[in-house]
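Listed below are the residues making up each chain.
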Amino acid sequence: MTIDFTQFIKNNTLLLIRIQLEELPMKLDNLTKKAYYYIKNDFSLLKQQQKDFYNRLKDIPEIIGYDENGDEISNHDWLNSQAEDNFINDAEIIEYFETSIHSMLINFYYETYTNLKKQIKDQLKNIDIETNSLSLIFDEIYNTLEIQKVNLINNCIKHNNCIADKKLANKFPTEFKENAQITINKALVYSLLQITKQSLNQLKIKFIEKYPEK
């Protein structure tokens with residue numbers, strides 16, 4: 001039996017693209033869960049450090065002294081004040097990190113989806129398969145209101161300091177007001193994750209229809 005190696009390579013390339021499209025939603029899920037796991041872990045560690053500190057403080061003898069005004073002051077008060085400042089500072093750093101994670105994940109969803117078109121196109125061109133069908137598939141999904149939400153919010157985060165622009169407000173008037181601050185939180189991230197996953201699943205289905213194995 002003679003094997004048509006050209007067709008064999010084409011079929012395997014198409015198979016690998018299908019597998020990639022199949023796995024991408026799960027990979028985005030895992031990345032998101034892992035990011036929030038680390039944030040939760042940081043807050044848990046900080047709370048444990050606070051608990052440990054105050055437990056240790058109970059075992060330290062309280063020494064009463066006097067400040068420059070002659071008022072009584074204890075080493076417990078001073079240690080407690082220093083620790084509180086430190087814990088507040090650490091909490092602020094973690095909160096800033098959490099805010100950054102929100103924005104990073106939204107941008108990652110956007111970049112994953114938008115970069116996919118060129119990536120798959122290059123793979124198809126390498127095996128001499130037409131890419132017009134691929135462009136039509138992406139254009140069709142790009143134009144859906146759902147994926148536009150991911151794109152427009154990402155654009156406002158990157159270029160408008162998380163302020164809703166006119167385009168976003170016009171597309172989603174019940175959710176966003178022009179020039180209002182967009183609340184970037186875990187709930188928004190997960191809603192955009194679901195949109196991205198659904199769009200990737202649609203893309204996979206349409207890709208299989210347009211590029212069947214021969």
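Preceding this paragraph is the structure being described.
Given the structure is predicted, the values throughout are model-derived calculations rather than measurements.

### With respect to the overall build of the protein
Okay, step 1: What the protein contains, in helices and strands, is six helices and two strands.
Okay, step 2: Within the protein, the fraction of its 214 residues that count as buried is 36%.
Okay, step 3: Across the protein, the fraction of contacts at a sequence separation of at least 24, relative to all contacts at a separation of at least 6, is 68%.
Okay, step 4: Summing over all exposed atoms, the protein offers an accessible surface of approximately 13600 Å²; the carbon and sulfur share of this is 52%.

### So, the pattern of salt bridges
Okay, step 1: As enumerated under the stated definition, the model contains seven salt bridges in all.
Okay, step 2: Its salt-bridge partner being Lys-117, residue Asp-139 comes within 3.4 Å of it at the nearest N-O pair. With Asp-139 in helix H3 (residues 132–142) and Lys-117 in helix H2 (residues 75–126), the pair connects residues that are 22 residues apart, well separated along the chain.
Okay, step 3: We classify Asp-139 as partly exposed; its relative accessible area is 34%.
Okay, step 4: Asp-122 is the partner of Lys-118 in a salt bridge, and the nearest nitrogen-oxygen pair spans 2.9 Å. One end of the pair, Lys-118, and the other, Asp-122, are both in helix H2, four residues apart, so they sit about a helical turn from each other.

### Some thoughts on helix H4 (residues 145–159)
Okay, step 1: Relative to the 21 Å expected for 15 residues at 1.5 Å per residue, H4 spans 21 Å between its end C-alpha atoms, a close match to the ideal helical length.
Okay, step 2: The set of residues buried in H4 consists of Ile-147, Gln-148, Lys-149, Val-150, Asn-151, Leu-152, Ile-153, Asn-154, Cys-156 and Ile-157.
Okay, step 3: Note on H4: the residue one or two positions beyond its end, Asn-161, has a positive phi of about 55°.

### Description of the packing of aromatic side chains
Okay, step 1: For the structure shown, the criterion picks out five aromatic pairs.
Okay, step 2: Here Tyr-113 and Phe-138 contribute two aromatic rings whose centre-to-centre distance is 5.7 Å and whose plane-to-plane angle is 55°, an arrangement assigned as tilted. Taken together, the residues span a long stretch of sequence, with Tyr-113 in helix H2 and Phe-138 in helix H3 at a distance of 25 residues.
Okay, step 3: Of the residues examined, Tyr-113 reaches a relative accessible area of 1% and is grouped as buried.
Okay, step 4: Note on Phe-138: relative accessible area 0%, which makes it buried.
Okay, step 5: A centroid spacing of 5.2 Å and a plane angle of 80° characterise the contact between Tyr-113 and Tyr-142, whose relative ring orientation is edge-to-face. You can see Tyr-113 sitting in helix H2 and its partner Tyr-142 sitting in helix H3, a full 29 residues away along the chain.
Okay, step 6: Take Tyr-142: its relative accessible area is 18%, and that puts it in the buried class.

Analysis parameters
Residues numbered from 1 in each chain as written. Predicted model: local features only at pLDDT ≥ 70, side-chain atom pairs only at ≥ 80, totals over all residues. Heavy atoms only, no water. Helix = DSSP H or I, 4+ residues; strand = E, 2+ residues; numbered from the N terminus. Buried < 20%, exposed > 50% of the residue type's maximum accessible area, 1.4 Å probe, protein only. Contact = heavy atoms within 4.5 Å. Areas by Shrake-Rupley, 256 points an atom, 1.4 Å probe, with all protein chains shown as cover. Salt bridge = Lys/Arg side-chain N within 4 Å of Asp/Glu carboxyl O. Expected span 1.5 Å × (residues − 1). Phe/Tyr/Trp six-rings, centres within 6.5 Å; stacked < 30°, edge-to-face > 60°.

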